[in-house]
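As a plain string of letters, each chain reads:
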Amino acid sequence: MSNSMGDLRATIESTLAAFFESYTLAARHKDASLISTTLSTDCKRYLKPSSFTAAYPFVKAVETNAEYEARMRPEIATLEEARFKILESVIDPAKRKASASTECWLKMAGTDPTTMEICWYLDFTDDGKKISRVVEFIDTATSAKVIEYIMKHVNKEIGTA
């Protein structure tokens, strides 16, 4: 691998790690905008499988950064802590792509911690410093439980439960 490809690979690897760390920071600081710090301004996020977005129509299959941040605000408000562990990753610097299998550890207010598995497919900008496309395959069983908790929590907060 040429030095420039090696450098690009290292940059993509660093951006990938920062992407997952942004979720931890967003939970810690209660700021959903921190999730988008490693994303290009025109990044699109794709949530899979389609059966999950069909089951929860308020969860869009394709979102902009602003739409994703808005949807994540209630979840981040209920999070005491969030951490990602990269189990496996593949980086292709020539194609500016990476994939990762992760475990996401979540601690919601008043609950036991939960772990979900998520697989990611990511495209990067030419310099590897920003993510230009996110495809997220989620653990649907655990995600459904998280959504139900958030819906109950948010309803109690706004007095509609």
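Below is a short write-up of the structure.

Analysis parameters
Residue positions are counted from 1 within each chain, in the order its sequence is given. In view of the model being predicted, local features appear only for residues whose pLDDT reaches at least 70, and side-chain atom pairs are presented and counted only at 80 or more, with totals across whole chains, interfaces and linings using the full set of residues. Side-chain metrics in this entry use all non-hydrogen atoms of the structure; hydrogen atoms and water are not considered. Counting from the N terminus, the helices are DSSP H or I runs at least four residues long and the strands are E runs at least two residues long. Buried, partly exposed and exposed residues are distinguished by accessible area as a fraction of the type maximum, computed with a 1.4 Å probe on protein chains only: under 20%, between the cut-offs, and over 50%, respectively. Contacts are assigned to residue pairs that have any heavy atoms within 4.5 Å of one another. At least two DSSP bridges between two strands are required for those strands to pair. Under this scheme, a helix contributes an axis fitted over its contacting stretch, all axes are lines through C-alpha atoms, and angles between N-to-C directions fall in the 0 to 180 degree range. Here, a salt bridge means any Lys or Arg side-chain nitrogen found within 4 Å of an Asp or Glu carboxyl oxygen. Here, nonpolar core refers to any group of buried Ala, Val, Leu, Ile, Met, Phe, Trp, Tyr and Cys residues whose side-chain atoms link them within 4.5 Å.

## Description of the overall build of the protein chain
At step 1: Secondary structure assignment for the protein chain yields four helices and six strands.
At step 2: Its helices and strands in sequence order give the protein chain the pattern α-β-α-β-α-β-β-β-β-α, from N to C terminus.
At step 3: Counting across all 161 residues of the protein chain, residues that qualify as buried make up 39%.
At step 4: For the protein chain, restricting intrachain contacts to residue pairs at least 6 apart in sequence, the fraction spanning at least 24 positions comes to 58%.

## Let's talk about the environment of Glu 103
At step 1: For Glu 103, the position within the fold is in strand E4 (residues 97–108).
At step 2: On the basis of relative accessibility, which here comes to 31%, the residue Glu 103 falls in the partly exposed class.
At step 3: Here the alpha-carbon distance between Glu 103 and Arg 83, two residues 20 residues apart in the chain, equals 8.2 Å.
At step 4: Not counting residues up to four positions away in its chain, the partners in contact with Glu 103 are Arg 83, Phe 84, Lys 85, Leu 87, Thr 115 and Met 116.

## Focus: the pairing of strand E3 (residues 79–92)
At step 1: Here E3 pairs with E4 via 12 bridges, running antiparallel. In the sheet register, Ile 86 faces E4, and the bridge partner there is Thr 102.
At step 2: Taking the residues that link successive antiparallel strands as the turn, the E3-E4 hairpin has four residues, and the phi of Arg 96 there is positive, at about 60 degrees.

## A few points about the sheet that holds E3
At step 1: Judged by pairing direction, the sheet is mixed, and its six strands sit side by side in the order E2-E1-E6-E5-E4-E3 without closing on themselves. Pairing within the sheet leaves two strands with one partner each, and these edge strands are strand E2 (62–63) and E3.
At step 2: Here helix H3 (residues 65–78) sits on the sheet in contact with strand E1 (39–48), E2, E3, E4 and strand E6 (131–138), set at roughly 65 degrees to E1.

## A look at the pattern of salt bridges
At step 1: Summed over all chains, the structure comprises eight salt bridges.
At step 2: For Glu 13, the salt bridge is made with Arg 9, and the minimal N-O distance between the two is 3.6 Å. Remark: Arg 9 and Glu 13 occur in helix H1 (residues 3–29); sequence separation between them is four residues, near one turn of the helix.
At step 3: According to the relative accessible area criterion, Arg 9 is partly exposed, its value standing at 28%.
At step 4: The shortest N-O distance in the salt bridge between Glu 67 and Lys 60 comes to 2.6 Å.
At step 5: Residues participating in the shared-partner salt-bridge network are Lys 97, Asp 123 and Arg 133.

## Quick notes on the nonpolar core
The nonpolar side chains of soluble globular proteins are, as a tendency, buried together.
At step 1: Counting 36 residues, the largest nonpolar core has Phe 19, Trp 120, Leu 122 and Val 134 as the members making the most contacts within it.
At step 2: Broken down by secondary-structure element, the contributors of at least two residues to this core are H1, E1, H3, E3, E4, strand E5 (114–124) and E6.
At step 3: Per-element tally for this core: the top contributor is H1, with eight residues.
At step 4: Dropping the residues within four chain positions of it, Val 134 is found in contact with Phe 19, Leu 39, Cys 43, Lys 44, Arg 45, Tyr 46, Trp 120, Tyr 121 and Leu 122.

## Regarding unusual backbone geometry
At step 1: Here the amide bond leading from Lys 48 into Pro 49 is cis, since omega sits at 0 degrees, within 30 degrees of zero.
At step 2: Along the chain, Pro 49 turns up in the loop between E1 and helix H2 (50–55).
At step 3: Despite not being glycine, Lys 30 shows a phi value in the positive range, around 55 degrees.
At step 4: In this structure, Lys 30 sits in the loop between H1 and E1.
At step 5: Although it is not a glycine, Arg 96 sits at a positive phi angle of roughly 60 degrees.
At step 6: Residue position: Arg 96 is located in the loop between E3 and E4.
At step 7: A residue is classified by how much of its surface remains accessible, and Arg 96, at 21% relative accessible area, is partly exposed.

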